[in-house]
Amino acid sequence: MYLSQIGTVAAVVGTLVAVLLLGEAPPPHLGLVVTLVALGTIFFQRGAATASSDSKAPSR
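One numbering rule holds for all chains: residues counted from 1, following each sequence as written. At least 70 in pLDDT is required for a residue's local features to be given in this predicted model, at least 80 for side-chain atom pairs to be given and counted, and no such filter applies to totals for whole chains, interfaces and linings, which use all residues. Working from all heavy atoms in the structure, the side-chain values ignore hydrogens and water.

In the nomenclature of an unreviewed UniProt entry, the protein chain corresponds to EamA domain-containing protein from the organism Marinobacterium aestuariivivens.

What follows is the structure in structure tokens.
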């Protein structure tokens, strides 16, 4: 599942590099996109941690 995030994160990082280091014009909704990607990554991490802790719980 972690590999599914590579494309989106790479696109955001690549865009930030182009804007900040290469002087490109930023896309109109860059802030919104970065925020949504960050939230998606946080939710994924929390879900993975919950699933991991649930699988480690002793069965009754």
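Student: Sorry, what's going on with the overall build of the protein chain here?
Tutor: For the protein chain, the helix and strand inventory stands at two helices and zero strands. In the structure as shown, the protein chain presents an accessible area of about 4,800 Å², 70% of it carried by carbon and sulfur atoms. The secondary structure listing takes helices from DSSP runs of H or I that are at least 4 residues long and strands from runs of E that are at least 2 residues long, numbered from the N terminus. In this description, accessible areas are obtained by the Shrake-Rupley approach with a 1.4 Å probe, and a residue is regarded as covered only by the protein chains that are shown.

Student: Is there a simple way to think about the UniProt feature "transmembrane region" (unreviewed entry) in the protein chain in this case?
Tutor: UniProt positions are given in the numbering used here, feature names are shortened, and annotations may be inferred rather than shown by experiment. As recorded in UniProt, the feature "transmembrane region" (unreviewed entry) lies at residues 6-23 and 30-49. For residues 6-23, the end-to-end C-alpha separation is 24 Å, with 83% helix and 0% strand making up the annotated structure. Between the first and last C-alpha atoms of residues 30-49 the distance is 29 Å; the span itself is 100% helix and 0% strand.

Student: Please explain the environment of Gly-40 as it appears in this structure.
Tutor: Here Gly-40 lies in helix H2 (residues 30-56). The sequence separation of Gly-40 and Gln-5 amounts to 35 residues, and the corresponding C-alpha distance is 9.2 Å.

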